[in-house]
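# Remarks on the overall topology
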Amino acid sequence: MTGKTAFETRYGFRRNEVLLGNWRVSPFNRWSFQNLGELVPTARVAAAPGAAEAPRRDMDGLLGEKVTVATAPETVAEFLLRSSTDALTVMKGGKIIGDWFAPHMEFGARHIIFSISKSVTAIIAGILEGEGVFDPEAPVMDYIPEAAGSAYGDASVRHVLDMSVSLDFEEAYLDPESAFARYRRATLWNPGGGTESLREFILTLQRLAEPHGQTFRYRSPNSDLLGLLLERASGQRFTDLMREKLWLPLGALSEASVGVDMEGTARTAGGISVTPRDLARLGEMMRQGGTANGRRIVPEAWVRDTTSTGGSSEAWRRGAMLPLFPKGRYRNKWYQTGFENGAYCGIGIHGQWLYVDPSTEVVIAKMSSQPEPVDDPLDIEIVAFFEALSRMV
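Okay, so let's go over this structure. Keep in mind that what you see is a predicted model, and the values were worked out from it rather than measured.

The contact between helix H10 (residues 238-250) and helix H11 (residues 276-287) brings their axes to 10 Å, and the two run at 100 degrees. Between H10 and H11, the interaxial angle falls into the category roughly perpendicular. Contact residues: H10 offers Leu246, Trp247 and Leu250, while H11 offers Asp278, Arg281, Leu282 and Met285. When its residues are assigned to classes, the contact of H10 with H11 shows five nonpolar, no polar and two charged.

Pasting the structure below:
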């Protein structure tokens with residue numbers, strides 16, 4: 001009689017049960033979200049050689065503290081488990097004050113951040129803008145002439161950055177017959193890919209009748225197009241840009257990775273994997289106005305515009321995410337909460353968060369394997385949890 005393998009004991013299933021068709025489904029996502037490169041092609045973004053991460057810091061007594069984010073009080077630890085958290089790193093005043101990991105995730109492991117990838121990509125756009133290489137107000141066609149005839153043929157880069165392209169496309173995560181499923185095949189994230197590249201797919205998308213710029217429409221292909229725009233503007237591959245312009249200056253201590261399609265195009269809308277600590281460092285860089293390790297990475301004016309002053313309240317109010325942040329705005333692929341404390345964040349499906357509270361100098365990186373891609377009631381609870389946690393630490 002054959003016993004369970006160590007893998008099966010740890011994760012509750014066998015490795016050969018995790019397939020391209022189910023890797024985003026619970027419980028398999030508890031492993032796959034840390035091991036994207038075993039399922040889809042990925043490209044490396046190396047950290048500085050010789051860099052070493054400091055040891056894990058326990059959350060001490062914080063896990064036993066009570067929070068009320070729903071109808072009844074629960075401990076921090078109970079909420080982390082209930083919200084399918086894989087890892088949590090908290091920084092305050094630039095210092096790491098605690099790490100928490102679920103039993104199935106090891107300290108130092110990478111984890112996919114899904115649509116926080118959009119926020120990372122936009123930072124690189126801000127860097128290139130500061131260098132005079134990239135113009136956010138230019139027409140998309142200036143960089144990608146073959147966008148003529150698509151929804152992007154009369155759109156600006158600003159429309160792409162702020163998710164205000166009037167794009168005829170729905171984020172139908174669970175519909176296998178939708179255009180979104182075709183999109184996933186083009187990224188090589190679903191079975192049946194390899195016949196249409198991500199670039200080819202994006203340039204078939206058509207527009208709605210409404211003018212660009214009026215409504216916040218969360219459409220992920222916009223952010224993959226942003227990666228292509230950055231490559232065209234700079235003449236460099238996205239992974240090289242990320243390493244040279246962001247990862248090394250940031251002082252990231254671990255390698256990152258990015259999913260790529262059949263042409264090697266980076267999945268900049270959702271394919272980046274990083275460690276929780278490096279994600280928190282990214283949030284701290286934003287909190288510091290675009291600097292890290294005494295070095296300016298992105299212009300301060302860009303950070304201020306992204307996190308507090310830019311974005312259209314009117315476009316946000318017309319969009320579908322108003323219940324999450326009733327006074328919010330969206331700018332350069334970051335969410336402004338509209339809270340009095342000035343908090344802002346990057347968000348990814350299945351429970352990925354990078355939350356920055358300038359008033360308490362707290363940065364929270366949360367990586368998760370939530371069963372559902374989108375869980376609106378839980379998102380509201382998670383925001384309340386972050387607000388409570390940032391006041392505790």
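One pass over the full model with this rule turns up 27 aromatic pairs. Taking the centre distance of 6.1 Å and the plane angle of 80 degrees together, the rings of Trp316 and Tyr335 count as edge-to-face. You can see Trp316 sitting in helix H13 (residues 313-318) and its partner Tyr335 sitting in strand E12 (residues 334-336), a full 19 residues away along the chain. The pair formed by Trp316 and Tyr335 is uniform in burial state, with each residue classed as buried.

Tallied over the full model, the rule gives 28 salt bridges. A salt bridge links Arg56 to Asp58, with the nearest nitrogen and oxygen atoms 3.8 Å apart. Exposure remark for Arg56: the relative accessible area of 39% places this residue in the partly exposed category. Its salt-bridge partner being Arg158, residue Asp162 comes within 3.1 Å of it at the nearest N-O pair. The buried category is assigned to Arg158, whose relative accessible area is 12%. Linked by salt bridges that have partners in common, Glu53, Asp99, Arg277, Asp278 and Arg281 make up one network.

Definitions and limits used
- Residues numbered from 1 in each chain as written.
- Predicted model: local features only at pLDDT ≥ 70, side-chain atom pairs only at ≥ 80, totals over all residues.
- Heavy atoms only, no water.
- Axes fitted to C-alpha atoms, helices over the stretch in contact; angles between N-to-C directions.
- Helix = DSSP H or I, 4+ residues; strand = E, 2+ residues; numbered from the N terminus.
- Parallel < 35°, antiparallel > 145°, perpendicular 65-115°, else oblique.
- Contact = heavy atoms within 4.5 Å.
- Nonpolar A, V, L, I, M, F, W, Y, C, P; charged D, E, K, R; others polar.
- Phe/Tyr/Trp six-rings, centres within 6.5 Å; stacked < 30°, edge-to-face > 60°.
- Buried < 20%, exposed > 50% of the residue type's maximum accessible area, 1.4 Å probe, protein only.
- Salt bridge = Lys/Arg side-chain N within 4 Å of Asp/Glu carboxyl O.

These values are about where atoms sit, not about what they do.
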